[in-house]
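Residue-level structural notes
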Amino acid sequence: AWFFFLYFFFCFSLSLIFIGILLLFAALFTVKQQTAVVIERFGKYSRLANPGCVLVMCPLEMMAGNVSLRVQQLDVNCETKTSDNVFVMVHVSVQYQVIREKVYEAHYSLQNAQEQMRSYIYDTLRAAICMRTLDQAFDSKDEISQMVKDHLKQSFDDYGFQILQALVTDLSPNNRVRDAMNEINASKRIKEASYQKAEGEKLLKVKRAEAEAESMYLQGVGVARSRHAIMDGLKESIVGFSNSVDG
C-alpha cells in the first residue's frame, strides 16, 4: 500500500512540476485591434491570435509574425518612355488590405509583398505607357490606373491581398521636355492671340469701310434728291413762263 501511495505521490508531483514549468515559460501578450498574430508550434502553423489577451506556451509555441489588417498604401515612382520617345516619371499610389479570411496566405505565400507589388506595377506601367504618346498618356491617366488595379487584383487575390485603389497621381516628363512643352504652349497662345487681334482689326476695318460706304451712299442719295428738286423747280418755272407768254 505504501508503494502505491508513494508511486501516486511521485506521479502527482511530476505533473505539478511539469505544469509549473509550462506556466513558468508561458507568456501572455496582447494583440492590437486590426491585427492578426500568426502562432506556430514546433515551427508549424498552429493558429491565429485575434485582438485581445493571448496565452502562448513557450517554448512549444512562438509568435511567427504580425499581420496588419489596416488599409495600407504603397507609393511607386517609375521612369518609362512613351511611344514618341519622351522619358516620363510616373507616380502611382496603391491602396491595399489583407483579407481577414486569408491571413495565412498573406503571411506564408509572399516573402516581401510590397516589393512584388512594385514589380507588377513597373511591368504594367511600362506596357501601358510605351503604347501611347505623351499627350495620350496624360489623357488616359484614369485608364492606366484601372489597368494597374486590375492587374494587381488578378495577381494578388490568391495571396490574400485586396486591392482597393490604384491612382496615377502624377505623370511628368523631364525638365527639358517640360520647358519645351511650355514654350510650345506659349507660342500657340501667342499665335492665337495674334490671330484674334488680326481678326479684330480686320473686322474693325470692314465695319469702318461699310460705314463709309453707307455714308457715301446716303450722301449720293441726298445729292440726287437735291438735283431732282432743282430740276423740278426749273421745270415749273419754265412752264409758268410759257403760260404767261401765251396769255
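In this text, all values refer to a predicted model and were calculated from it rather than measured experimentally. (Residues numbered from 1 in each chain as written. Predicted model: local features only at pLDDT ≥ 70, side-chain atom pairs only at ≥ 80, totals over all residues. Heavy atoms only, no water.)

1. Some remarks on the sheet that holds strand β6 (residues 72-81)
With respect to topology, three strands assemble into an open sheet ordered β6-β7-β8, the strand pairing being antiparallel. Of all strands in the sheet, those with a lone pairing partner are β6 and β8 (161-173), marking the two edges. Strand-to-strand twist across the sheet, computed as the mean angle between neighbouring axes with direction ignored, equals 20°. The sheet contact formed by strand β7 (residues 87-98) and β8 spans 11 bridges and is antiparallel. Within β8, the residue paired with Met-89 across the bridge is Ser-172. Helix α3 (residues 113-129) rests against β6, β7 and β8 of the sheet, and its axis sits at about 40° to β6. (Pairing = 2+ DSSP bridges. Helix = DSSP H or I, 4+ residues; strand = E, 2+ residues; numbered from the N terminus. Axes fitted to C-alpha atoms, helices over the stretch in contact; angles between N-to-C directions. Contact = heavy atoms within 4.5 Å.)

2. Overview of the environment of Ala-128
Along the chain, Ala-128 turns up in helix α3. Using a relative accessible area of 0% as the deciding quantity, one classes Ala-128 as buried. Separated by 46 residues in the primary sequence, Ala-128 and Thr-82 place their C-alpha atoms 8.9 Å from one another. Ignoring any residue separated from it by four or fewer positions in sequence, one finds Ala-128 in contact with Ile-144 and Met-147. (Buried < 20%, exposed > 50% of the residue type's maximum accessible area, 1.4 Å probe, protein only.)

3. Some details on the side chain of Ser-93
You can see Ser-93 is positioned in strand β7. Polar side-chain contacts of Ser-93 include one of 2.8 Å to the side chain of Asp-75. (Polar contact = N/O pair within 3.5 Å; in protein donor to acceptor, adjacent residues only side chain to side chain.)

4. Here's the deal with the sheet that holds strand β3 (residues 44-49)
Taken in spatial order, the three strands make up an open sheet running β3-β2-β5, and their pairing is antiparallel. A strand with exactly one partner marks an edge of an open sheet, and here the two such strands are β3 and β5 (61-68). Averaged over all pairs of adjacent strands, the angle between strand axes in this sheet comes to 30°, irrespective of strand direction. By the bridge criterion, five bridges tie strand β2 (residues 35-41) to β3 in an arrangement that is antiparallel. Note on β3: the bridge partner recorded for Glu-40 is Tyr-45.

5. Focus on a nonpolar patch on the surface
On the surface, a cluster of nonpolar side chains totalling about 310 Å² of accessible area is made up of Ile-230, Met-231 and Leu-234. Here Ile-230 lies in helix α6 (residues 175-246). (Patch = residues over 30% accessible without salt bridge, like charges linked within 9 Å, V, L, I, M, F, W, Y side chains within 5 Å. Areas by Shrake-Rupley, 256 points an atom, 1.4 Å probe, with all protein chains shown as cover. Salt bridge = Lys/Arg side-chain N within 4 Å of Asp/Glu carboxyl O.)

6. Structural notes on the pattern of salt bridges
Summed over all chains, the structure comprises three salt bridges. In this structure, Asp-157 and Lys-102 form a salt bridge, with 3.7 Å as the shortest nitrogen-oxygen distance. With a gap of 55 residues between them, Asp-157 in the loop between α5 (141-156) and β8 and Lys-102 in the loop between β7 and α2 (103-108) connect regions that are remote in the sequence. Judged by its relative accessible area of 24%, Lys-102 is partly exposed. For Arg-132, the salt bridge identified is with Glu-143, shortest N-O distance 2.9 Å. Of the two residues, Arg-132 sits in the loop between α3 and α4 (134-139) while Glu-143 sits in helix α5, which places them 11 residues apart along the sequence. Exposure remark for Arg-132: the relative accessible area of 11% places this residue in the buried category.

7. Examining the packing of aromatic side chains
Tallied over the full model, the rule gives seven aromatic pairs. Judged by centre distance (4.9 Å) and plane angle (40°), the rings of Tyr-104 and Tyr-108 are tilted. A residue pair is termed a helical-turn pair when its members lie 3 or 4 positions apart in one helix, as Tyr-104 and Tyr-108 do in helix α2 at four residues. Its relative accessible area of 41% is what places Tyr-104 among the partly exposed residues. Among the residues examined, Tyr-108 registers a relative accessible area of 33% and is labelled partly exposed. Taken together, Tyr-96, Tyr-120, Phe-156, Tyr-159 and Phe-161 form an aromatic cluster joined through their ring pairs. For the cation-ring pair, Arg-126 lies above Tyr-122, with the distance from its terminal atom to the ring centre recorded as 5.2 Å. (Phe/Tyr/Trp six-rings, centres within 6.5 Å; stacked < 30°, edge-to-face > 60°. Lys NZ or Arg CZ within 6 Å of the ring centre and 35° of its normal.)

8. Remarks on unusual backbone geometry
Even without glycine at this site, Gln-34 takes up a positive phi of about 60°. Here Gln-34 is to be found in the loop between β1 (26-31) and β2. A relative accessible area of 26% means that Gln-34 is categorised as partly exposed.

9. Some remarks on the layout of surface pockets
The space that makes up the largest pocket amounts to roughly 250 Å³. Val-67, Val-98, Ala-106, Ala-113 and Phe-161 are, among the 14 residues lining the largest pocket, the residues nearest its centre. Breaking the lining of the largest pocket down by element, the ones donating at least two residues are β5, β7, α2 and α3. The leading source of residues in the lining of the largest pocket is β5, at three residues. Classifying every residue of the lining of the largest pocket by side-chain character gives seven nonpolar, seven polar and no charged. (1 Å grid on protein atoms, 1.4 Å probe; cavity = no way out; pocket = protein on both sides within 12 Å on 5 of 7 lines; lining within 4 Å. Points joined across faces, edges and corners; volume = space filled by probe spheres on them. Nonpolar A, V, L, I, M, F, W, Y, C, P; charged D, E, K, R; others polar.)

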